[in-house]
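# Descriptive analysis of the structure
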Amino acid sequence: MPFQKNNDLGFTSKNPFDKDPVCFKVLPGVKNKLKRIPNWQKQLRKFVDKMIEENIDGR
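Within any chain, residue numbers begin from 1 and follow the written order of that chain's sequence. With the structure being a predicted model, the display of local features is reserved for residues of pLDDT at least 70 and the display and counting of side-chain atom pairs for 80 or more, all residues being used for whole-chain, interface and lining totals. Each side-chain value is derived from all of the structure's non-hydrogen atoms; neither hydrogens nor water enter the calculation.

The numbering of helices and of strands both runs from the N terminus, where a helix is a DSSP run of H or I of at least 4 residues and a strand a run of E of at least 2. Summing up its helical and strand segments, the chain has 2 helices and 0 strands in all. Each residue's exposure class comes from its accessible area (1.4 Å probe, protein chains only) as a fraction of the maximum for that residue type: buried when under 20%, exposed when over 50%, partly exposed otherwise. Each of the 59 residues in the chain was classed as buried or not, and the buried ones make up 2%. As presented, the chain carries roughly 6,800 Å² of accessible surface, and 56% of it is formed by carbon and sulfur atoms. Only the protein chains shown count as cover for residues, and all accessible areas are computed by the Shrake-Rupley method using a 1.4 Å probe.

It is worth spelling out the layout of surface pockets at this point. The method works on a 1 Å grid over the protein atoms by themselves. A cavity is a set of points holding a 1.4 Å probe that cannot get out, a pocket is an open set with protein on both sides within 12 Å along at least five of seven lines, and residues with an atom within 4 Å of a point line them. Grid points are joined across faces, edges and corners, and a volume is the space filled by probe spheres set on the points. Counted as a void, the largest pocket has a volume near 890 Å³. Of all the secondary-structure elements, those providing two or more residues to the lining of the largest pocket are α1 (30-35) and α2 (40-57). When residues in the lining of the largest pocket are grouped by element, the largest group, 7 residues, is from α2. Each residue is assigned to one of three groups, with Ala, Val, Leu, Ile, Met, Phe, Trp, Tyr, Cys and Pro labelled nonpolar, Asp, Glu, Lys and Arg labelled charged, and all others, Gly among them, labelled polar. Its residues placed into classes, the lining of the largest pocket shows 12 nonpolar, 1 polar and 6 charged.

Okay, the pattern of salt bridges next. Working definition: two side chains of opposite charge can pair if their charged atoms are close together. Here, a salt bridge means any Lys or Arg side-chain nitrogen found within 4 Å of an Asp or Glu carboxyl oxygen. On inspection of all chains with the given rule, the structure shows 1 salt bridge. Notably, a salt bridge pairs E54 with K50, separated by 4.0 Å at the nearest N-O pair. Taken as a pair, E54 and K50 lie in helix α2 at a separation of 4 residues, close to a single helical turn.

Taken together, the side chains of V22, F24, V26, L27, V30, L44, F47, V48, M51, I52 and I56 present a nonpolar region at the surface, about 1,000 Å² in accessible area. Here the nonpolar patch gets 6 residues from one element, more than from any other, and that element is α2. With respect to the helices and strands, L27 occurs in the segment before α1. Nonpolar side chains (Val, Leu, Ile, Met, Phe, Trp, Tyr) are joined into patches within 5 Å and like charges within 9 Å, using only residues with over 30% relative accessible area and no salt bridge.

Right, dumping it as structure tokens:
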């Protein structure tokens, strides 16, 4: 049975993520170390936003 659109029980967000992820290669061992950091994805998103702001928006 397909998931119905506008379902109140499904995942909803006012700021949904892009459907295409950003991927990049890291040195050996970095991936496992990163996964041990609580909320690493949220922290990385904030860092990327800050980096963009400082390098593109803050010209």
